[in-house]
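# Inside the fold
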Amino acid sequence: MFSDNENPGAEITAGQSATAASPAPETITPTVQTEESLPAVAEAQEASVSAPVVAEPAAVTISPTEPVAAPDGAAAVEHSDMSAAADSGEPSTESTAEMEQLMEQYAAPHQAPSEGEIESGQVVAVIELGVVVDLGGKTEGLIPAQEFAELDGPFPLQAGQPVEVQRTGDRKDGYVLLSYQRVRRRRVWGKIEEAYRNKTDINGKVVDHIKGGLVVDIGVRAFLPASQADTHPVRDLVEWKDRELTVRVLKMNRKRGNVVVSRRAIMDEQVQAQRQAMLDSMAEGQTVRGVVKNVTGYGAFVDLGGIDGLLHITDMSWGRVASPLDAVRPGEEVEVKILKYDREKGRISLGRKQLLPNPWASVAERYAVGTKLTGKIMGLTDYGAFVELEPGIEGLVHVSEMSWSKRKQHPSKIVKVGDDVEVAVLGVDLNERRISLGMKQAQSDPWQQLADKYPVGTVVSGRIRNLTEFGAFLEIEEGFDGLIHVSDISWTGRVKNPADVYKKGDAVEAKVLKIDAASRRVSLGVKQVNDIWSTWFEKHKVGDLIRGRVSRVTTFGAFVEIADGIEGLCHISEIEERRPKGDKPQTSGQRPSARQSGLLDPGRDYEFKIVKINPDQHKIGLSYRGAQKQAERRDMEDYRSTKPSAKATIGDAIMAKRSL
């Protein structure tokens, strides 16, 4: 693209004489001569030429690579005289006078048009150098051939044809150099500016495609972005080449020669006009015809004549439509009903099933609550399954109504699309056109049979399915879980987190403690499977001496492990000797605790006496002091049985024990 100031033809070099101009495309080789080599010429010119005349042409000689046509008239005389003066080295009076005469003629005003003015002429001939134009007044000009080098198609000018040109201010071979392209561009840019200001349309032709759009020839090369080529995205730009288009100028910069055009702007105005006319004539409840323009996953857009309406998938048919393409196809003409019309937003909702008989009219009579029937699974979601009861009538089976099991499962794990299932009607909502169905209600309740199958006290086997902070869930059978509470894992009650004992998938035996069919709950116990307490209580009674290991000491006593999983408590009062009344401890303060007494150390074995048994609460009371006294009496009896003397005393028995 060119600006108005560019000259597509030949340009004359600034240092070249106006009378000896050479073509721009030709290679000019200047020969520089110093002042020392031409002193005579320099002196002659300084003497003969007045101050405004620069002596540079004598110092610089321009030698074109090709011969230049000899000038005629005064210019030829000037050229020959100055050349002779330069060769002889002496100033010429005749040449000086002619030079002054030429300077006066050059200074005189001319009546010829200025460079920027447009002139009308007539084509005289088309020659190798270009196009010769008669400007009138015995003046001929030349449009250089370079201006037509990039033109496509037939040559635009013929002999005798009128033409508008503009002078460039240069000469060539005796012709005034003219520009045809400058005038043409000025006319084109004027037309483009007028179209830009008035927002009018302009015609053009696609001549090329580039990255991001097309190149359109509207007199100048203009850029048409791909997004502005059509109302919908254009994928293949190659197919647009050589197409005639009507476009509108969006942006222009004459100085840089940039123009951006749009075809979409014109199309949008046309669509908007049709849209507005259609909107003014529409109303809700009307039955109209249209063409399916586009199909999406949720419906189809129908062209009603300049405006699109949405035919949602739920309004295509009373029956279930898996895909909009099953009901309509692009390009298909359909009859629809206007369901909703928003004038402010210009949105139209359409319906097709509303033109067909409504099968929901008698649903309440045909599908009463409690009715059991068979249907087909038509669709699955995360929250349930849709069952077709008849064409156009579907019900929803919620995931919670699919199985009696409390375990949460995805519907796809229970049924598949196409399965025939038995269901029971749970509810009908005619306003919302919804039917609630249940699959488990069509089957017997297994929880009613669970109490008979697993009575209390039954030992069951299963695997740990889930772990929580308060217990573990044991799967009794498919769909039925029982809870093993943390307090029913061990008799010692030391388990704080079931994860410390079990992990998912462990096989465990447990005893059924309770079944609540109404609440769908089963209580299990692991420690009840092996009742070590009953066995221990059968073998021991109050007064027996047993040996145990102190597991931990507290402020109120010591816990003693007397069997695997069985502990007893030795209270602080059963550890030390009881003091007589009035006998106070030597140290002030409270009575020392079991931790402070130091009589029982954790991890050591001692002998204790059973002083209390509570089988119901699994509590055992122990006495370290009582065991010590009983051991002393036993030692005394043993000592007496070994001494024949009847005078033995308790002191003798004590001394004998110390000597052991």
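Our structure is the block above this text.
For the structure given in this document, a descriptive report is provided here. (Residues numbered from 1 in each chain as written. Predicted model: local features only at pLDDT ≥ 70, side-chain atom pairs only at ≥ 80, totals over all residues. Heavy atoms only, no water.)

### Observations concerning the pattern of salt bridges
Pairing of side chains with opposite charge becomes possible as their charged atoms draw close. Under the defined criterion, the tally for this structure stands at 21 salt bridges. A salt bridge links Arg-187 to Glu-164, with the shortest nitrogen-to-oxygen separation between them at 3.1 Å. With Arg-187 in helix H5 (residues 180-198) and Glu-164 in strand E6 (residues 162-172), this residue pair connects regions lying 23 residues apart in the sequence. For Arg-187, a relative accessible area of 47% puts it in the partly exposed group. In this structure, Arg-549 engages Asp-605 in a salt bridge whose closest nitrogen and oxygen atoms are separated by 3.0 Å. Taken together, the residues Arg-549 in strand E28 (residues 545-553) and Asp-605 in strand E31 (residues 605-614) connect sequence positions 56 residues apart. (Salt bridge = Lys/Arg side-chain N within 4 Å of Asp/Glu carboxyl O. Helix = DSSP H or I, 4+ residues; strand = E, 2+ residues; numbered from the N terminus. Buried < 20%, exposed > 50% of the residue type's maximum accessible area, 1.4 Å probe, protein only.)

### Notes on the sheet that holds strand E18 (residues 372-381)
Reading around the barrel, the five strands line up as E18-E19-E20-E22-E21 and close back on themselves, with mixed pairing between neighbours. With strand direction ignored, the average angle separating the axes of adjacent strands in the sheet is 50°. Relative to strand E19 (residues 384-390), E18 runs antiparallel, the two sharing five bridges. Note that in E19 the partner of Leu-380 across the bridge is Ala-385. (Pairing = 2+ DSSP bridges. Axes fitted to C-alpha atoms, helices over the stretch in contact; angles between N-to-C directions.)

### Let's talk about the nonpolar core
Membership of the largest hydrophobic core comes to 23 residues, with the highest contact counts inside it found for Trp-447, Tyr-454, Leu-474, Ile-484, Val-508, Val-522 and Leu-524. Put simply, the parts of the chain that give this core at least two residues each are helix H8 (446-453), strand E23 (459-467), strand E24 (471-477), strand E25 (480-485), strand E26 (507-516) and strand E27 (521-525). Ranked by the residues each element gives to this core, the list is headed by E26, at four residues. Ranked by size, the runner-up nonpolar core spans 21 residues in total, among them Val-550, Val-560, Phe-608 and Ile-610. (Core = buried A, V, L, I, M, F, W, Y, C linked by side-chain atoms within 4.5 Å.)

### Details of the pairing of strand E29 (residues 557-563)
Counting buried residues along E29, five of its seven residues qualify, which places the element largely inside the surrounding structure. Hairpin connection between E28 and E29: a loop of three residues separates the two successive antiparallel strands. Alignment of E29 against strand E30 (residues 566-571), held across six bridges, turns out to be antiparallel. In the sheet register, Phe-559 faces E30, and the bridge partner there is Leu-569. Counted between consecutive antiparallel strands, the loop separating E29 from E30 contains two residues, among which Gly-565 sits at a positive phi close to 85°.

### Some details on the packing of aromatic side chains
In the structure shown here, the tally under the stated rule is nine aromatic pairs. Judged by centre distance (5.7 Å) and plane angle (80°), the ring pair of Trp-536 and Phe-537 falls under edge-to-face. Here Trp-536 falls in the buried class, since its relative accessible area comes to 6%. Of the aromatic side chains, those joined through ring pairs into one cluster are Phe-148, Phe-155 and Tyr-180. Here the basic side chain of Arg-552 rests over the ring of Phe-559, its NZ or CZ set 4.2 Å away from the ring centre. (Phe/Tyr/Trp six-rings, centres within 6.5 Å; stacked < 30°, edge-to-face > 60°. Lys NZ or Arg CZ within 6 Å of the ring centre and 35° of its normal.)

### Remarks on the sheet that holds E26
Strand order in the closed barrel made by the five strands is E23-E24-E25-E27-E26, with mixed pairing throughout. Across this sheet, the average inter-strand angle for adjacent strands is 50°, counted without regard to direction. Across five bridges, E26 lies against E27 in antiparallel orientation. Within the sheet, the bridge partner assigned to Asp-516 lies in E27 and is Arg-521.

### Focus: H5
The end-to-end C-alpha distance of H5, which contains 19 residues, comes to 27 Å, matching closely the 27 Å that a straight helix rising 1.5 Å per residue would cover. Those residues of H5 that fall on the buried side of the exposure criterion are Tyr-180, Gln-181, Arg-182, Val-183, Arg-185, Val-188, Trp-189, Ile-192 and Ala-195. Where H5 begins, one side-chain oxygen reaches toward the backbone nitrogen of Arg-182, 3.1 Å away; that side chain belongs to Ser-179. Phi turns positive, to about 55°, at Lys-199, one or two residues after H5. (Expected span 1.5 Å × (residues − 1). Polar contact = N/O pair within 3.5 Å; in protein donor to acceptor, adjacent residues only side chain to side chain.)

### Comments concerning the environment of Leu-350
Tracing the backbone shows Leu-350 in strand E17 (residues 347-351). Under the relative-accessibility criterion, Leu-350 is labelled buried at 0%. Residues Leu-350 and Gly-285, 65 residues apart in the sequence, show an inter-C-alpha distance of 9.6 Å. The contacts of Leu-350, once residues within four sequence positions are left out, are Val-302, Leu-304, Gly-309, Leu-310, Leu-311, His-312, Asp-315, Val-336, Lys-337, Ile-338 and Leu-339. (Contact = heavy atoms within 4.5 Å.)

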